[in-house]
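# A look at the structure
For reference, the chains in residue letters:
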Amino acid sequence: MVDIIPHHGLTQWRFSSLTSRLAGYSASAFLTADGILVDTGIPVAQAEFERLLDGSRIAGVMVTHHHEDHAGNVEQVARRGIPMCLAPETQRLVRTVEPIRAYRRVTWTSMTPLSSALVPFDPAPLELIAAPGHSADHHVAWDPHTRTLFSGDLFLGVQVRIAHHDEDPWTLIESLEAVAALEPTRMFCAHRGLVLEPAAALRAKAAWTRALIATISAHITRGATDAQILRTVMGGESLTGWASGGEYSRRNFIRAVRFRIATS
Ligand SMILES: [Zn+2]
C-alpha cells in the first residue's frame, strides 16, 4: 500500500505492508519538485513503486543505505536505466543481498539484488553526505538551497534504546552532531515523515544517547551483567527485540557498550 503525501516542494511516498501496518511501521521515499527521488520503497510494494515511476518524471535516484526498506527497489530503478547515486559500499551490499531474518522478510519481504548496470547520477544541488552509525554505509541526502534534510534512518526518534547487531552508537552520535551542524530547517525521516525543529531534535537524540551510554557504562563498571542492565536500565527487551530474534534489540545496545569498554 502507498499513501501519497504532498509537502511544500516535494511529495512523500509512504509505503507499508499489511504486517508493517499492524506493527505500526511504514517506510517512505521522497520525490523533489526537480524529480530527484530519495530512496526506493519496500520490496513488497514493488508493483506500486513501479506504477509511481511510470507516472513521474524522475531525473535520478539517491539511496541512503542498503537496508531493504530504503534500497528495496534499486534493481527496478537500474533496469529502467534511471541514473542512481549511492555510496560504493551501499552498491556492494545491494549487489550481494545478505539473507534477512523472518521478521524483516514478513514486514518488507526480501529485495531483488542489484544486477543491472548502474547509470551514475549527479544529484547537485543535492548532496549525499556520509552519516554512519545506523549502518556503516548510511548517508543522508541534503538540499543546501532549501536546507531540507532527508535523514534516512539517522533520526528515527530521540529515545532509541534499540540497536542493530552492527550498529555503532558512538559513530551515530558523531553523525547526529555533524548533521545537526548543517542547521537543517526541515527534516524528512524515512519512518516518521516530517520532523519539525530538526537540528534541535538531532542534538536531543545525540545527548540522550550519550547519557544512556554513560548509564550503561557505569553499570558495567560496577560488574552488572547484560541481563541485569536490560532489566534495570532498559526496562526489559522491546517487542522488536523479541520479534527480530535479537537482531534489532536493546541487548545489542548494551553489548555494543560492553564491547567498546573491553576494547578501549
Ligand atoms: Zn535502516
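Structure: above.
Throughout what follows, the structure given in this document is the object of discussion.

Thresholds, definitions, all that
Each residue is numbered by its place in its chain's sequence as written, counting from 1. Where local features are concerned, this predicted model is filtered to residues with pLDDT of at least 70; where side-chain atom pairs are given and counted, the filter is 80 or more; whole-chain, interface and lining totals use all residues. Helix and strand assignments come from DSSP, with helices taken as H or I runs of at least 4 residues and strands as E runs of at least 2, each series counted from the N terminus. Whether a residue is buried, exposed or partly exposed is read from the other C-beta atoms within 10 Å of its own C-beta, which are placed from the backbone; 20 or more gives buried, 12 or fewer gives exposed, and intermediate counts give partly exposed. Here the contact rule is simple: place C-beta atoms from the backbone, and any two residues whose C-beta atoms are within 7 Å are in contact. One bridge is not enough; two strands pair if DSSP finds at least two bridges between them. Think of each axis as a best-fit line through the C-alpha atoms, taken over the contacting stretch in the case of a helix, with angles from 0 to 180 degrees between the N-to-C directions. Buried Ala, Val, Leu, Ile, Met, Phe, Trp, Tyr and Cys residues form a nonpolar core when they are connected through C-beta atoms within 7 Å. Each angle gets one of four labels, with under 35 degrees taken as roughly parallel, over 145 as roughly antiparallel, 65 to 115 as roughly perpendicular, and the rest as oblique. Crossing chirality is assigned from the near helix's rotation relative to the far helix, an anticlockwise turn below a right angle marking it left-handed and a clockwise turn marking it right-handed. Each residue gets one label: Ala, Val, Leu, Ile, Met, Phe, Trp, Tyr, Cys and Pro are nonpolar, Asp, Glu, Lys and Arg are charged, and the others, such as Gly, are polar.

### Quick notes on the environment of Ser 217
Inspection of the secondary structure puts Ser 217 in helix α7 (residues 198-221). By the C-beta count within 10 Å, which is 14 here, Ser 217 ends up partly exposed. Note: C-alpha distance between Ser 217 and Arg 258 (41 residues apart in sequence) is 7.3 Å. Look past the residues within four positions of Ser 217 in its chain and what remains in contact with it is Val 257 and Ile 261.

### Focus: the sheet that holds strand β8 (residues 139-143)
Taken together, five strands build an open sheet; the order of strands is β7-β8-β9-β11-β12 and the sheet is mixed. Of all the strands in the sheet, just β7 (127-130) and β12 (193-195) have a single pairing partner and so form its edges. Strand-to-strand twist of the sheet, defined as the mean angle between neighbouring strand axes without regard to direction, takes the value 30°. Here β7 pairs with β8 via four bridges, running antiparallel. Pairing of Leu 128 across the sheet is with Ala 141, part of β8.

### Looking at the sheet that holds strand β6 (residues 84-85)
As summarised here, the arrangement of the six strands in space is β1-β2-β3-β4-β5-β6, forming an open sheet in which the pairing is mixed. The two strands at the open ends of the sheet, each matched to only one other strand, are β1 (2-7) and β6. Looking at chain direction, β1 and strand β2 (residues 10-15) are connected through six bridges and run antiparallel. If you follow Pro 6 over to β2, its bridge partner there is Thr 11.

### Things to note about the environment of Ile 42
Looking at the element boundaries, Ile 42 is found in the loop between β4 (36-38) and α2 (46-54). Judged by the 30 C-beta atoms lying within 10 Å of it, Ile 42 is buried. C-alpha of Ile 42 to C-alpha of Ala 27: the two residues are 15 residues apart in sequence and 7.0 Å apart in space.

### Considering the pairing of strand β11 (residues 186-189)
Put simply, side chains in a regular strand alternate between the two faces of the sheet. With four bridges joining them, strand β9 (residues 148-152) and β11 adopt parallel strand pairing. Within the sheet, the bridge partner assigned to Leu 149 lies in β11 and is Met 187. With three bridges connecting them, β11 and β12 associate as antiparallel partners. Paired with Cys 189 across the strands is Gly 193, a residue of β12. As consecutive antiparallel partners, β11 and β12 are separated by three residues.

### Observations regarding the nonpolar core
Generally speaking, nonpolar side chains in soluble globular proteins are found buried as a group. By size, the foremost hydrophobic cluster in this structure holds 52 residues, and its most contacted members are Val 38, Met 62, Val 74, Met 84, Val 140, Ala 141 and Val 179. If we ignore the near neighbours within four places in the chain, the residues touching Val 74 are Thr 40, Val 63, Met 84, Val 94 and Leu 114. Ala 163, Ile 229, Leu 230 and Ile 254 belong to the second-largest nonpolar core, a separate cluster that totals ten residues.

### Considering the packing of helix α6 (residues 169-180) against α7
Viewed as axis vectors pointing N to C, α6 and α7 meet at an angle of 155°, and their least axial separation amounts to 9 Å. By the criterion of interaxial angle, the relationship of α6 to α7 is roughly antiparallel. At the point where α6 passes α7, the crossing takes the left-handed sense. Here Pro 169, Leu 172, Ile 173, Leu 176, Glu 177, Val 179 and Ala 180 of α6 come into contact with α7, specifically with Ala 199, Leu 202, Arg 203, Lys 205, Ala 206, Thr 209, Arg 210 and Ile 213. Among the residues making up the contact of α6 with α7, the classes are represented as ten nonpolar, one polar and four charged.

### Some remarks on the pairing of β8
Where burial is concerned, most of β8 is hidden: five out of the five residues are buried. With burial as the criterion, each face of β8 is covered, one bearing His 139, Ala 141 and Asp 143 and the other bearing Val 140 and Trp 142. Here three bridges tie β8 to β9, and the two strands are oriented antiparallel to one another. Bridged to Trp 142 within β9 is Leu 149. Connecting β8 to the next strand, β9, in antiparallel fashion are four residues, including Arg 147 with a positive phi near 55°.

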